[in-house]
Amino acid sequence: MSDKYADIPLVQNQDKRRFEMEVENHIAFIEYIINKDNTMYLTHTEVPKALEGKGVGGSMVEKALNFVKDNGYTLAPLCPFVAAYLKRHPEWQSILAKGYNVG
């Protein structure tokens, strides 16, 4: 990963069912749902106004996609921000759950 947030960890908050990343004392997050078939649905991405346009969202999505891949999940990108990221980065198509296409 070649972004300026590469060293900031993406933390899985299982209680809130979301991934969180703390940047400049703000919490950005991606909410998720995991079903019994090991599909991870990324449902909503939120970046605080103070961090908008700084690449935080893209960094979070890339880290979340790596989590999905590394943990053997398939991806259902319900969040429009995540879907847009996947359109720009077709190399992630291989982790999409059956029936999902963002091309």
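The sections below set out a description of the structure shown in this document. Predicted model only: the values in this text are computed from it and were never measured. (Residues numbered from 1 in each chain as written. Predicted model: local features only at pLDDT ≥ 70, side-chain atom pairs only at ≥ 80, totals over all residues. Heavy atoms only, no water.)

**Comments concerning the packing of helix H1 (residues 56-70) against helix H2 (residues 80-88)**
- The geometry of H1 relative to H2 is characterised by a closest axis approach of 10 Å and an angle of 80 degrees between their N-to-C directions. When the interaxial angle is binned, H1 and H2 end up roughly perpendicular. Where H1 abuts H2, its residues Gly57, Gly58, Val61, Glu62 and Leu65 lie against Phe81, Val82, Tyr85 and Leu86.
- Grouping the amino acids of the contact of H1 with H2 by side-chain chemistry returns six nonpolar, two polar and one charged. (Axes fitted to C-alpha atoms, helices over the stretch in contact; angles between N-to-C directions. Helix = DSSP H or I, 4+ residues; strand = E, 2+ residues; numbered from the N terminus. Parallel < 35°, antiparallel > 145°, perpendicular 65-115°, else oblique. Contact = heavy atoms within 4.5 Å. Nonpolar A, V, L, I, M, F, W, Y, C, P; charged D, E, K, R; others polar.)

**Some remarks on the pattern of salt bridges**
- Inspection of every chain in the model, using the stated rule, returns four salt bridges.
- In this structure, the salt-bridge partner of glutamate 20 is arginine 18, at a minimum N-O distance of 2.7 Å. Arginine 18 matches glutamate 20 in its accessibility class, with the two residues each being buried.
- A salt bridge links aspartate 37 to lysine 36, with the shortest nitrogen-to-oxygen separation between them at 4.0 Å. By the burial criterion, aspartate 37 is exposed, and lysine 36 matches it. (Salt bridge = Lys/Arg side-chain N within 4 Å of Asp/Glu carboxyl O. Buried < 20%, exposed > 50% of the residue type's maximum accessible area, 1.4 Å probe, protein only.)

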